[in-house]
Amino acid sequence: MIVVMKPNATEEMVQAMVRRVEEMGLKAHVIVGEERTVIAAAGIKRDGHQEVLESCAEVEKVVPIVAAYKVASKETKPEPTIVTTHGLKIGGSHVGVIAGPCSVESEEQILQVAHQVKAAGATGLRGGAFKPRTSPYSFQGMKEEGLKLLALAREETGLAVVTEVMTPNHVDLLCQYADVLQIGARNMQNYHLLQAVGETRLPVLLKRGPSATIEEFLLAAEYILDQGNQQVMLCERGVRTFETHTRFTLPLATVPYLHERTHLPVVIDPSHGTGIASLVPPMCAAAIAAGCDGLILEVHPDPSRAMSDGAQSLTPDAFSQTMDLCRKVAAAVGKELG
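So, a few notes on the structure that sits alongside this text. (Residues numbered from 1 in each chain as written. Predicted model: local features only at pLDDT ≥ 70, side-chain atom pairs only at ≥ 80, totals over all residues. Heavy atoms only, no water.)

### Comments concerning the environment of Pro281
Let me state the cut-off plainly: Note on conventions: DSSP H or I runs of at least 4 residues are helices, E runs of at least 2 residues are strands, and numbering of each starts at the N terminus. Between buried and exposed lies partly exposed: a residue is buried under 20% and exposed over 50% of the maximum accessible area for its type, with that area taken using a 1.4 Å probe on protein chains only. Any pair of residues with heavy atoms lying within 4.5 Å of one another is described as a contacting pair.
By the element assignment, Pro281 lies in helix H10 (residues 280–289). A relative accessible area of 18% means that Pro281 is categorised as buried. Spatially, the C-alpha atom of Pro281 lies 9.3 Å from that of Ser271, the residues being ten residues apart in sequence. Those residues in contact with Pro281 that sit more than four places away from it in its chain are Leu314, Thr322 and Leu325.

The following block contains the structure:
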């Protein structure tokens, strides 16, 4: 249920209603809107709950939530969520751009690419320190040393650090270095991990699993939101289909579809979505035209020597040209890039 407080409700009234909701065995999520505060009451609804809450003087109305994903639903929060951290802004009229290599490989590599993507207009730096690979014999990342290098790059450039967390045991460690915790596609339904990042207050970039439905995707986001972390970004990175001409199939209809159903910002990953560097720039432009709130791209100083995902990585020059193209498209649809 959504408990809509009256416009003149004070903070004391809101907290009293939170306690009332929790006494009923429901979990209360306070969402402050532009005009009024609402409380999403999630849990097993029993007869009489709605009537009891509606009888409170400070409550304007109580509305049942139809969607399976309660806190992520636009029914709960009509206004779009805007995620901001360390200069990175995603949502509303802003298209945030996160760029960097698939893997942190060395100090020279990560610092070079950080300065290059910053100069081109990126406000977030991606880079994997812990790498989940299909083969156990592939490069697994530099681990904590890689995190230290990402933090050094942030110190030199001001870019927000976006990096993947793979297990609940790593969450505390990554919180010491990262500005955004990324949940990779393989972990979209790792519910213990989702709850662990939900207990933090760092923004979370949640990637869609390659075989996940939209409802499963939103319910995964709900696990994070349910722990009280409201800063969640949904990332479409392509799904697995019968097609083989690209690494995955990147369905850009996901963007407007999600905007109709959730207040959470939508980020597109055309690097994984195509797996082919030459296809990344036009898919970036198409994603912005479709209304995305952010882009996450792989950029490497020398893709031919990359230790992972070189085929889908842009060179710094190609990234700069892509940003020029994206600025034009963003302006055409009334958005600001970066």
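### Structural notes on the packing of aromatic side chains
Remark: the centre distance and the inter-plane angle together describe each pair of aromatic rings, the angle taken between the planes. Applicable threshold: Here a Phe, Tyr or Trp ring, Trp counted by its six-membered ring, pairs with any other such ring whose centre lies within 6.5 Å, and the pair is stacked when the planes are under 30 degrees apart, edge-to-face when over 60, and tilted otherwise. We call a charge positioned above a ring when the Lys NZ or Arg CZ atom is no farther than 6 Å from the ring centre and deviates by at most 35 degrees from the ring normal.
Under the definition given, this model contains one aromatic pair. Between Tyr191 and Tyr223, the aromatic rings sit 4.3 Å apart at their centres with planes inclined by 20°, giving stacked as the arrangement. With Tyr191 in helix H6 (residues 191–198) and Tyr223 in helix H7 (residues 214–225), this residue pair connects regions lying 32 residues apart in the sequence. Given a relative accessible area of 31%, Tyr223 falls into the partly exposed group. We note Arg237 situated over the ring of Phe248; from NZ or CZ to the ring centre the distance is 4.2 Å. A cation over a ring is seen here: Arg261 above Tyr257, with NZ or CZ 3.7 Å from the ring centre.

### Brief notes about H7
What counts is decided by this rule: To estimate how far a helix should extend, the number of its residues minus one is multiplied by 1.5 Å.
In this model, H7 (twelve residues) spans 16 Å end to end at C-alpha, consistent with the 16 Å of a helix rising 1.5 Å per residue. The elements touched by buried residues of H7 are strand E2 (27–32), H6, strand E11 (204–207), strand E12 (232–236) and helix H8 (254–261).

### Observations regarding the pairing of strand E9 (residues 160–164)
This is how it is decided: Here, a strand pair is defined by DSSP locating no fewer than two bridges between the strands.
For E9, the buried fraction is high: five of the five residues fall into the buried class. Covered by surrounding structure in E9 are Ala160, Val162 and Glu164 together with Val161 and Thr163, the residues of both alternating faces. Bridge count between strand E8 (residues 124–126) and E9: three bridges; the pairing is parallel. From the neighbouring strand, Gly124 faces E9, where its bridge partner is Ala160. Both E9 and strand E10 (residues 180–183) contribute to a ladder of three bridges, which runs parallel. Following the sheet pairing, Glu164 is matched in E10 by Gln182.

### Section: empty space enclosed by the protein
Let me state the cut-off plainly: A 1.4 Å probe that fits but cannot get out identifies a cavity on a 1 Å grid over protein atoms alone, an open set with protein on both sides within 12 Å along at least five of seven lines counts as a pocket, and a residue lines either if it has an atom within 4 Å of a point. Grid points are joined across faces, edges and corners, and a volume is the space filled by probe spheres set on the points.
According to the stated counting rule, one finds one cavity of 30 Å³ or more in the structure shown. Each pocket or cavity is described by its volume, and for the largest cavity that value is around 40 Å³. Every residue lining the largest cavity is listed: Cys102, Arg126, Gly127, Gly128, Lys131, Val162, Thr163, Glu164 and Gln182. Ranked by the residues each element gives to the lining of the largest cavity, the list is headed by E9, at three residues.

### Quick notes on the nonpolar core
To keep things clear, this is the line we draw: We call a set of buried residues a nonpolar core when its members are Ala, Val, Leu, Ile, Met, Phe, Trp, Tyr or Cys and they connect through side-chain atoms within 4.5 Å of each other.
Core analysis: the largest hydrophobic core is formed by 80 residues, its most contacted members being Ile110, Val197, Leu206, Ile288, Leu295 and Phe319. With seven residues, H7 is the largest single contributor of residues to this core. With residues up to four places along the chain from it excluded, the contact list for Val197 reads Val165, Val171, Leu181, Ile183, Val204, Ile224 and Asn229. Of all hydrophobic cores here, the second largest spans 17 residues; its members include Met5, Met24, Ala28 and Val62.

### Points about the packing of H6 against H7
In a packed pair of helices, the relevant descriptors are the angle between the two axes and the axis-to-axis distance. Where we set the bar: Fitted lines through C-alpha atoms serve as axes, helices being fitted only where they are in contact, and the angles separating the N-to-C directions of these axes extend from 0 to 180 degrees. Oblique is the label for every angle not falling under 35 degrees (roughly parallel), over 145 degrees (roughly antiparallel), or within 65 to 115 degrees (roughly perpendicular). Classes in brief: Ala, Val, Leu, Ile, Met, Phe, Trp, Tyr, Cys and Pro nonpolar; Asp, Glu, Lys and Arg charged; the others, Gly included, polar.
In contact at an axis separation of 7 Å, H6 and H7 are set at 45° when each is read in the N-to-C sense. Relative to H7, the element H6 lies oblique. The residues of H7 that touch H6, namely those facing Tyr191, Leu194, Gln195, Val197 and Gly198, are Ala220, Tyr223 and Ile224. Here the residues of the contact of H6 with H7 are counted per class, giving six nonpolar, two polar and no charged.

### A word on the layout of surface pockets
Taken as a whole, the second largest pocket encloses approximately 260 Å³ of empty space. For the second largest pocket, the lining is made up of 16 residues, of which Val4, Arg36, Val38, Thr76 and Pro78 are closest to its centre. Here the lining of the second largest pocket gets three residues from one element, more than from any other, and that element is strand E4 (residues 59–63).

### Some remarks on the pattern of salt bridges
To keep it simple, the criterion reads: Here, a salt bridge means any side-chain nitrogen of Lys or Arg that lies within 4 Å of a carboxyl oxygen of Asp or Glu.
What the rule picks out here adds up to eleven salt bridges. In this structure, Asp293 and Lys335 form a salt bridge, with 3.4 Å as the shortest nitrogen-oxygen distance. Taken together, the residues Asp293 in the loop between H10 and strand E14 (294–298) and Lys335 in the loop between helix H11 (316–332) and strand E15 (336–337) connect sequence positions 42 residues apart. Of the two residues, Asp293 and Lys335, neither departs from the other in class, the shared state being buried. Among the ionic pairs, Asp324 bridges to Arg327, the shortest N-O distance being 3.1 Å. With Asp324 and Arg327 both in helix H11, this residue pair falls three residues apart, about one helical turn.

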